[in-house]
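Listed below are the residues making up each chain.
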Amino acid sequence: MKVAIVGGGVAGMTSAYRLMQQGHDVALYESSPFLGGLVRTFEVGGNRLEAYYHHIFTSDTVIIDLLNELGLGDRLNWIESKVGWFDNGRIYNFVTPIDLLKFGPVSFVDRIRLGLMAAKLRGRDDWAEFEQITAKDWIEKNVSKGAFEGMWGPLLRGKYGDDYDRVAMAWLWSKIHLRFQSRKGGPMQKEQLGYLMGSFQVYIDEMERQMRAGGVEIHTSAPVERITAEANRATGIVLADGTAVRADAVIAAVPSVLFKKIAPPLTPDYDRRLSAVGWQGAICMVLTMKRSLSHIYWMNIGDRSMPFLALVEHTNFIGPEHYDGNHILYISNYLHQQHEYFGKTDDEMWALFEPALRKINPEFSADWVKQRWVFRAPFAQPIITLNYSNDKPDHRTPVEGLYLETMTQIYPEDRGQNYSIRMGDRVAAMAIEDAASRGAASGAA
Ligand SMILES: Cc1cc2nc3c(=O)[nH]c(=O)nc-3n(C[C@H](O)[C@H](O)[C@H](O)COP(=O)(O)OP(=O)(O)OC[C@H]3O[C@@H](n4cnc5c(N)ncnc54)[C@H](O)[C@@H]3O)c2cc1C
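All values reported here derive from a predicted model rather than from experimental measurement.

Rules used throughout
Residues numbered from 1 in each chain as written. Predicted model: local features only at pLDDT ≥ 70, side-chain atom pairs only at ≥ 80, totals over all residues. Heavy atoms only, no water. Helix = DSSP H or I, 4+ residues; strand = E, 2+ residues; numbered from the N terminus. Rg over C-alpha atoms; globule rule 2.2 N^0.38 Å. Buried < 20%, exposed > 50% of the residue type's maximum accessible area, 1.4 Å probe, protein only. Contact = heavy atoms within 4.5 Å. Areas by Shrake-Rupley, 256 points an atom, 1.4 Å probe, with all protein chains shown as cover. Near = heavy atom within 4 Å. Polar contact = N/O pair within 3.5 Å; in protein donor to acceptor, adjacent residues only side chain to side chain. Domains from an automatic or database assignment. Buried area = accessible area lost by both parts, 1.4 Å probe. Salt bridge = Lys/Arg side-chain N within 4 Å of Asp/Glu carboxyl O. Pairing = 2+ DSSP bridges. Axes fitted to C-alpha atoms, helices over the stretch in contact; angles between N-to-C directions. Parallel < 35°, antiparallel > 145°, perpendicular 65-115°, else oblique. Left-handed = near helix turned anticlockwise from the far one by under 90°. Nonpolar A, V, L, I, M, F, W, Y, C, P; charged D, E, K, R; others polar. Phe/Tyr/Trp six-rings, centres within 6.5 Å; stacked < 30°, edge-to-face > 60°. Lys NZ or Arg CZ within 6 Å of the ring centre and 35° of its normal. Core = buried A, V, L, I, M, F, W, Y, C linked by side-chain atoms within 4.5 Å.

Focus on the overall build of the chain
Assigned secondary structure in the chain consists of 12 helices and 20 strands. Computed over its C-alpha atoms, the radius of gyration of the chain comes to 22 Å, within 12% of the 22 Å expected for a compact globule of 445 residues. Overall, the chain is about 70 × 50 × 45 Å in size when its C-alpha atoms are taken along their principal axes. Among the 445 residues that make up the chain, the fraction classed as buried is 58%. In the chain, once contacts between residues fewer than 6 apart in sequence are set aside, the share between residues at least 24 apart is 70%. Taken as a whole, the chain presents about 18,100 Å² of accessible surface, with 49% of it coming from carbon and sulfur.

Quick look at the structure:
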């Protein structure tokens, strides 16, 4: 079978890799000049670094298996996470249950309630009821209004903006449920986070190498403008330069909104499902610095007067010795694409961020900063609202031989490399299964 894959993020790459392993004829088309999608990297101090901070959890078993399969398992390091919270002008450690008991932004009673909430969600495998209530309503009802305002409210507002009160509790359940599985010895155990030494680019490169060796055609800087179909059957793709390519099956591994623009006519119900989910974009400013800003790796910013949602000091996770002595800080925001930050220049954003960094560490000075970069992703995080099981689009689209794999189909889990890889595996298997049954139906061998 000849398969055209649109999108060279980890989902599309995984499908291409699996189809190649099964002996199919695969061509992959990626609009950027590089593969990896949101796992893209750039060079810092002689090493590669993710444009958007990345780590994995011990519960991410699909990516761990893939890394082992690619012969990269020994590069995966598990490191204790150092999580913190900035609010009321100070940094709170936020790693152990004892830290929660000392967490000033909520009352003592609410701290106990928040601890009980985490324990309750950790033990719950059945999430059906969490589809029917928003995270805000569930927390206010089952924990307290104070706990929402002091802790989850600022995070939800920061991540989802005006949509913060529409996000389903299923999203929060999956975050907490899976996160606790990263504490192997139970809740008192510190969390371990995984990082691929040399950056996650290492596995992207290895997959690319193996795919090329296995005969996959890889086309970068090759945006697909249209997916073609005849008699409701996928027939191939057309690139932006007009080149038409025939294929027996097409797998679109692109954000759902972009799929809508390039897909052949679908059905009103499938169109509705594609439109059911909005997307948040992300903007990350990355600094290399002479000094460290704080002792925290991942700092949530509870104070919503600050111009960012989180600070991720990568070198409090993977030491500065790996980056020629540079300290690396990500300044992170999730934003709606209409947000004013998407219209700001890098310098305009820096003018906002610089004084705010001094609130985190009063000694911080602009001359600590050696270099800065800004990365903007328009489709970074789907916004999952109520009863999404009724709206989630299938991987098999209404057009025969056309498949969709996009982050809005990862549910109830939240998006992440692990789940895009799982989706890539599943969709490749579906395409193979369908081809086999078409072959059987037409009497082919
Ligand atoms: C700020 C941030 C932090 C994150 N942190 C983590 C983390 O710590 N751990 C983790 O596991 N995950 C993390 N993620 C999520 C992870 O990066 C994604 O889940 C994963 O990379 C998604 O892969 P994908 O292939 O599904 O989609 P994408 O990476 O979005 O890939 C889609 C690809 O399709 C291409 N494309 C689009 N349109 C076309 C077209 N018309 N023609 C050809 N190509 C096209 C795009 O250029 C892109 O390369 C993070 C994401 C962000 C934004």
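Quick notes on the site of the ligand
Surrounding the ligand, one finds 29 residues, the nearest of these being E30, L38, H54, H55 and S420. Between Y53 and the ligand, the recorded distance is 3.0 Å, taken from a backbone N or O atom to a nitrogen atom. Contacts to the ligand include Q417, whose backbone N or O atom sits 2.9 Å from an oxygen atom. Alone, the ligand offers 1,000 Å² of accessible surface; in the complex the protein occludes 91% of this.

What to know about the domain arrangement of the chain
Splitting the chain by domain gives domain 1 (2-54 + 200-275 + 392-441) and domain 2 (96-189). Between domain 1 and domain 2, the contact holds six residues from the first and nine residues from the second. Summing both partners gives a buried area of about 570 Å² for domain 1 against domain 2, and 54% of it is carried by carbon and sulfur. Between the two partners, domain 1 and domain 2, sit one salt bridge. A salt bridge links D414 to K175, with the nearest nitrogen and oxygen atoms 3.0 Å apart. In this assembly, domain 1 and domain 2 are joined by four residue pairs in polar contact (both at pLDDT 80 or more).

Observations concerning the side chain of T315
Turning to its location among the elements, T315 is positioned in the loop between β17 (310-313) and β18 (327-335). Aside from chain neighbours lying at most four places away, what touches T315 is P320, Y323, N326, H327 and I328.

Focus: the sheet that holds strand β11 (residues 224-230)
Here three strands make up an open sheet; going across it, the order is β11-β12-β13 and the pairing antiparallel. Of all strands in the sheet, those bounded by a partner on one side alone are β11 and β13 (244-246). Pairwise comparison of adjacent strand axes, ignoring direction, gives a mean angle of 30° for this sheet. The pairing of strand β12 (residues 233-239) with β13 spans three bridges and is antiparallel.

Observations regarding the packing of helix α5 (residues 135-142) against helix α6 (residues 145-160)
The N-to-C vectors of α5 and α6 enclose an angle of 155°; their axes lie 8 Å apart at closest approach. Here α5 is positioned roughly antiparallel relative to α6, judged by the angle of their axes. Judged by the twist between their axes, the crossing of α5 over α6 is right-handed. Across from A135, K136, I139 and E140 in α5, the residues of α6 making contact are K145, F148, W152 and L156. Across the contact of α5 with α6, the residue classes break down as five nonpolar, no polar and three charged.

Brief notes about the packing of aromatic side chains
One pass over the full model with this rule turns up 25 aromatic pairs. Here the aromatic rings of W350 and F364 are separated by 6.4 Å at their centres, their planes lie at 80°, and the arrangement is edge-to-face. With W350 in helix α11 (residues 346-360) and F364 in the loop between α11 and β19 (369-383), this residue pair connects regions lying 14 residues apart in the sequence. Under the relative-accessibility criterion, F364 is labelled buried at 2%. Clustering of aromatic rings is evident, with ring pairs tying together Y53, Y195, F200, Y203, Y297, W298, F317 and Y330. Its guanidinium or amino end placed over the ring of F148, K136 lies 5.9 Å from that ring's centre, counting from NZ or CZ.

So, the pattern of salt bridges
For the structure shown, the criterion picks out 23 salt bridges. Between R272 and D269 there is a salt bridge, and its shortest N-O distance comes to 3.0 Å. In this pair, R272 and D269 both sit in helix α10 (residues 268-275), three residues apart, roughly one turn of the helix. When its relative accessible area of 38% is taken as the criterion, R272 is described as partly exposed. Taking the relative accessible area as the measure of exposure, D269 reaches 38% and is therefore partly exposed. A salt bridge links R396 to E433; the shortest N-O distance between them is 3.7 Å. Here E433 lies in helix α12 (residues 417-441) and R396 lies in the loop between β19 and β20 (402-404), a separation of 37 residues in the sequence. By sharing partners, the salt bridges in this structure join D269, R272, R273 and D391 into a single network.

Digging into the nonpolar core
Residues L114, M117, W138, W152, L172, Y203 and M211 are the most contacted members of the largest nonpolar core, which totals 115 residues. If you tally residues by element for this core, the top one is helix α7 (residues 169-181), at eight residues. For Y203, the residues in contact, after removing those within four places along its chain, are V10, I63, L66, L67, L70, L72, L196, Q417 and I421. The next biggest cluster of nonpolar side chains, apart from the first, holds 26 residues, and it includes L329, I331, F353 and F364.

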